[in-house]
Amino acid sequence: MLRAAQRATPCQHGGIASGPDCVANRIRAKTTLLGTAYVLIYSSSPHRADDLFRKLPLSETLVLDPSDIRILRILQEDASLSIAEVALRAGMSQTPCWRRIKRLKETGVIRGMTALIDRKRVGLDFASYTFVKLVLPSSDNMQQFDQMVNRWPEVILCERITGAADYVLKVIVDDMKSYDDFLRMKLLATNLISEVQSSIVISSVKDTTILPLRDA
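What you see is a predicted model, and the numbers here were worked out from it, not measured in a lab.

Chemist: Would you mind going over the packing of helix α2 (residues 66–77) against helix α3 (residues 83–90) with me for this structure?
Modeler: Between two packed helices, the angle of one axis relative to the other and the distance separating the axes together describe the packing. With their axes 9 Å apart at the nearest point, α2 and α3 run at an angle of 125° to one another. Between α2 and α3, the angle falls in the class oblique. Crossing of α2 over α3 shows right-handed handedness. Contacts between α2 and α3 involve R70, I71, I74 and L75 from the former and V86, R89 and A90 from the latter. Considered class by class, the residues forming the contact of α2 with α3 number five nonpolar, no polar and two charged.

See below:
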């Protein structure tokens, strides 16, 4: 949840002070990650950003500078790279690179590293975007549905949305029969759902996990 941007500067005692007395970086936005409030500080100087990060509690502050952005872009392209390879591409030595990656993991920016599998190479030839409308979109019903969806391996994406439907699911299975089985035996077997509409994927034009990170 983004809030209004504000200016902030590091004071001589190592904290952050507002006002024109000190020259420093600008806090561009505030957000919440994994239930903990982090302040995102964008700096044109990686050294200044590192100084600020060390002066502020790790549990409260996350610093993203150009070096962090470069590392994230590299890892999004290929997370199997070694620290040495990431450091070389990012233009830094290995130890600072390792520390930055460790920090990005600890603060939840990097949620994990995994293998991307070509679904058709493993026989998962059918994909559908399935729009689900609940009988009553109450808090209890949504909680029950969320719990069920998380138990279904066929559902690789579930988003709560605005509009006529309450949810959109991306369902991946072997074929049409497997999708029909999923609908009858799982999705429609619950009394929480009043309507289901399916949009079957004919072909994938773009399929990526790479986020459009903006420059710091």
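Chemist: When you look at the sheet that holds strand β10 (residues 193–200) in this model, what are you seeing that I'm missing?
Modeler: The strands that make up a sheet pair up through hydrogen bonds in the backbone, lying either parallel or antiparallel. Pairing is antiparallel in the open sheet, where four strands are placed in the order β8-β9-β7-β10. Edge positions in the sheet fall to β8 (155–160) and β10, since each of these pairs with one other strand and no more. Within the sheet, the average angular offset between the axes of one strand and its neighbour, ignoring direction, is 20°. The sheet contact formed by strand β7 (residues 126–134) and β10 spans seven bridges and is antiparallel. Residue S128 lies in a different strand from β10, and its bridge partner there is I200. Each of β7, β8, β9 (167–173) and β10 touches helix α6 (residues 176–187); the most contacted strand, β7, lies at about 25° to it.

Conventions and cut-offs
- Residues numbered from 1 in each chain as written.
- Predicted model: local features only at pLDDT ≥ 70, side-chain atom pairs only at ≥ 80, totals over all residues.
- Heavy atoms only, no water.
- Axes fitted to C-alpha atoms, helices over the stretch in contact; angles between N-to-C directions.
- Helix = DSSP H or I, 4+ residues; strand = E, 2+ residues; numbered from the N terminus.
- Parallel < 35°, antiparallel > 145°, perpendicular 65-115°, else oblique.
- Left-handed = near helix turned anticlockwise from the far one by under 90°.
- Contact = heavy atoms within 4.5 Å.
- Nonpolar A, V, L, I, M, F, W, Y, C, P; charged D, E, K, R; others polar.
- Pairing = 2+ DSSP bridges.

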